[in-house]
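# Results of the structural survey
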Amino acid sequence: MKNVLVIGSGISGMSCAIHCAQKGMHVTLVSPFPSERSQSVMAAGGINAVLSENQEDDSIDIHIEDTLKGGAYIAGRKAVEGLCTDAGPIVKYLEGIGTVFSIDADGKPKYRAFGGQSRKRTYYCGASTGKQIVTALNMEVRRLEAAGQVERQLGTCFHSALIKDGVCYGALLFRETTGNLDAVYADAVVMATGGQNTIFGKTTGSTQCDGYAEGRLFEQGVVLKNLEFIQYHPTTLETSQKRMLISEAVRGEGGRLFYEENGKRVYFMEDKYGPGGNLQTRDVVSREIYATHKDVYLDISFLDAAVINERLPEVRDLCRKYRGIDITREPIPVAPSVHFFMGGIAVHNDHSTSVSNLYAVGECASIYHGANRLGGNSLLAAVHGGRVAAQAIDKLEAGGAHPSFDEFITKQQEKLAAVKEAQSTFAYANILNMLAHTMQEDLGIVRDEASLRNGLQQIDYYLSVADRIRYDSSVLAYFNYSLPGILTLARGVLTCALNREESRGAHYRSDCPDTDESFAHATLISYDGGRYRTWLDTEGEYES
Ligand SMILES: Cc1cc2nc3c(=O)[nH]c(=O)nc-3n(C[C@H](O)[C@H](O)[C@H](O)COP(=O)(O)OP(=O)(O)OC[C@H]3O[C@@H](n4cnc5c(N)ncnc54)[C@H](O)[C@@H]3O)c2cc1C
């Protein structure tokens, strides 16, 4: 029987695990925390699909075109075609396994408008779409666990891949409970570890998504892609812990952005872009808010309270809970914040990476969103990517012998032991805070060569002290070894941004404000013994 190791148990990891198991493979599904605590549960607004019985004025072709356009035409067309064609069947599948979509009086699932899309096509479950999908997928995984086809391992973190001569044979896993590093061999390894929030500090997402796995794979020779494209969500609410997302659904339901000048409201998005101005793509709205240099508000209070209570209950509750704001009566103070990562592990259309038998799915993989993701397309991509990878893995040969990794494993164990002994004055949390500050300042909504070079210099310093930080027993042991990988990734992100000397999608350079067609390709980046090499994918290496 083929053995598959899936690392990360959010929507993409579970989708892949389920489809591998249903094809008769044995799956080991690992993560530090249960799926119910993955970032996927935070997804609010919905999932995109064209269901022909509902949407007469829409088509899969229009969804494809909106996705390619939203991504500033650097996502591969074939991959996007696969994504959008699969969207209808995915929504039906999710409904079939128990996802409770909001329905209208006739029992048909409801859909709403989302930014950057020419048609309404975002299906939703109130404002807790991710939670509903996670719950439904979790039930499927439990059934497969009961049947012995999936084995879940919690309290387990990725440490390194077991790679030799361009082939992946498994992974070294760190067990939080014992402190052990275990080698787990598999016919295929699937990375499903989500985004890179930690390198930016306070974001809308989960700190479980720290980018370590991507950074570590990068150090091990895996090619990454499009790291410079970081989505700032335009409407988030400041709280002490994190930036709370004010879902695009609020603008989808008619919410209006404004600032005040001389006691009057200025609806700057509508003034510049017309009646649909508030629903421009996220990169455009974020830059426009940034350019106002003013306190910006989002108003939905003109809607009937009953409508708000029915369609936006989670947004109503979070504004009340975290800031005491009653959105049925007053506007919400909003500002852009880091929200999503278009970049990640470079994958081909079947989700294979630059290393054989190593796959990546969900937000840690870079494939469908180009330079900017459309809201509602990443839940779709997480489910779809898991299915596509499972199909590809199904075609692999099973059961080959693996070479010896004894030397490598001993070396990693020694390094881990040394981390515990470190006596330095540098603390993990301080370096992470400084990193977040650097990334927010130097790789913000607007960046330029000087800011990017400054960021690189800062990170070189953090890297120079990262492997001798003071051991901190008050946090997860994993944190104590993950810093160098996280910093290596952050350096890669800045390097990609420095090399893209144009503005496109979410990447805006004030020193190169125009879009330059010679850059109309994805950025690829590799790491070789301390050297970062970037190139444009002009040959479509990752488009097939
Ligand atoms: C507030 C918010 C709202 C959103 N709303 C929407 C929406 O309405 N529609 C939409 O399409 N998208 C939305 N998104 C984006 C979407 O939720 C994510 O892109 C998607 O859920 C990612 O799924 P995933 O499986 O790739 O990753 P995740 O759900 O992040 O799961 C990652 C998994 O990997 C594990 N992991 C991480 N690091 C390691 C490691 N080192 N070792 C082992 N395991 C590890 C984690 O514990 C977790 O189990 C939203 C995002 C946020 C933050």
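To keep things clear, this report deals only with the structure shown in the data block.

What counts and what doesn't
All residue numbers refer to position in the chain's written sequence, counted from 1. Predicted model: local features are reported for residues with pLDDT of at least 70 only, side-chain atom pairs are reported and counted for 80 or more only, and whole-chain, interface and lining totals are derived from all residues. Heavy atoms from the whole structure form the basis of all side-chain values; hydrogens and water molecules are not counted. In this analysis, strands are considered paired if DSSP registers two or more bridges between them. The numbering of helices and of strands both runs from the N terminus, where a helix is a DSSP run of H or I of at least 4 residues and a strand a run of E of at least 2. Convention adopted: a line fitted to C-alpha atoms gives each axis, helices being fitted over their contacting stretch, and angles between N-to-C directions are expressed from 0 to 180 degrees. Contacts are residue-level and defined by heavy atoms, with any inter-residue pair within 4.5 Å sufficient. Angles are sorted into four bins: roughly parallel if under 35 degrees, roughly antiparallel if over 145, roughly perpendicular if 65 to 115, and oblique for all others. Crossing chirality is assigned from the near helix's rotation relative to the far helix, an anticlockwise turn below a right angle marking it left-handed and a clockwise turn marking it right-handed. For this classification, the nonpolar set comprises Ala, Val, Leu, Ile, Met, Phe, Trp, Tyr, Cys and Pro, the charged set comprises Asp, Glu, Lys and Arg, and every other residue, Gly included, is treated as polar. For this analysis, a polar contact is any N or O atom pair within 3.5 Å, provided that within protein one partner can donate a hydrogen and the other can accept it, and provided that sequence-adjacent residues contribute only side-chain to side-chain pairs. When we say a residue is near a molecule or strand, we mean one of its heavy atoms is within 4 Å of it. Accessible areas in this description were obtained via Shrake-Rupley with a 1.4 Å probe; residue shielding takes into account the shown protein chains only.

### Comments concerning the sheet that holds strand β7 (residues 156-164)
Reading across the sheet, the three strands line up as β7-β8-β9 and stay open at both edges, with antiparallel pairing between neighbours. Because the sheet does not close on itself, it has two edges, and the strands there are β7 and β9 (181-185). Averaged over all pairs of adjacent strands, the angle between strand axes in this sheet comes to 30 degrees, irrespective of strand direction. For strand β8 (residues 167-175) and β9, the ladder comprises five bridges, and the chain directions are antiparallel. Within β9, the position partnered with G170 by the bridge is Y185. Where helix α15 (residues 477-499) meets the sheet, it contacts β7 and β8, and its direction lies at approximately 40 degrees from that of β7.

### Things to note about the packing of helix α13 (residues 428-442) against helix α14 (residues 449-466)
Where α13 contacts α14, the axes come no closer than 9 Å and their chain directions differ by 170 degrees. In terms of orientation, α13 and α14 fall into the roughly antiparallel class. Seen along the crossing, α13 lies across α14 with a hand that is left-handed. Where α13 abuts α14, its residues I431, M434, L435, T438, M439 and D442 lie against S451, L452, N454, G455, Q458, I459, Y462 and V465. Taken together, the residues of the contact of α13 with α14 sort by class into eight nonpolar, five polar and one charged.

### Some thoughts on the side chain of E270
Mapped onto the fold, E270 is located in helix α7 (residues 268-273). Within the local environment of E270, its side chain forms a polar contact with the side chain of R256, the two groups lying 2.8 Å apart. The residues contacting E270, other than those within four sequence positions of it, are R256, P275, G277 and N278.

### Details of the site of the ligand
In the neighbourhood of the ligand, 37 residues make up the surrounding shell, with S40, G45, Q208, E363 and S378 lying closest. At 2.8 Å, a backbone N or O of G46 approaches a nitrogen atom of the ligand. Within the complex, 98% of the 1000 Å² of free accessible area of the ligand lies under protein. Going through the elements one at a time, α1 (11-22), β7, β17 (332-341) and α11 (377-394) are the ones with two or more residues in the shell around the ligand. Of the residues belonging to the shell around the ligand, the class tally is 14 nonpolar, 21 polar and two charged.

Any functional reading would require information that these geometric values do not contain.
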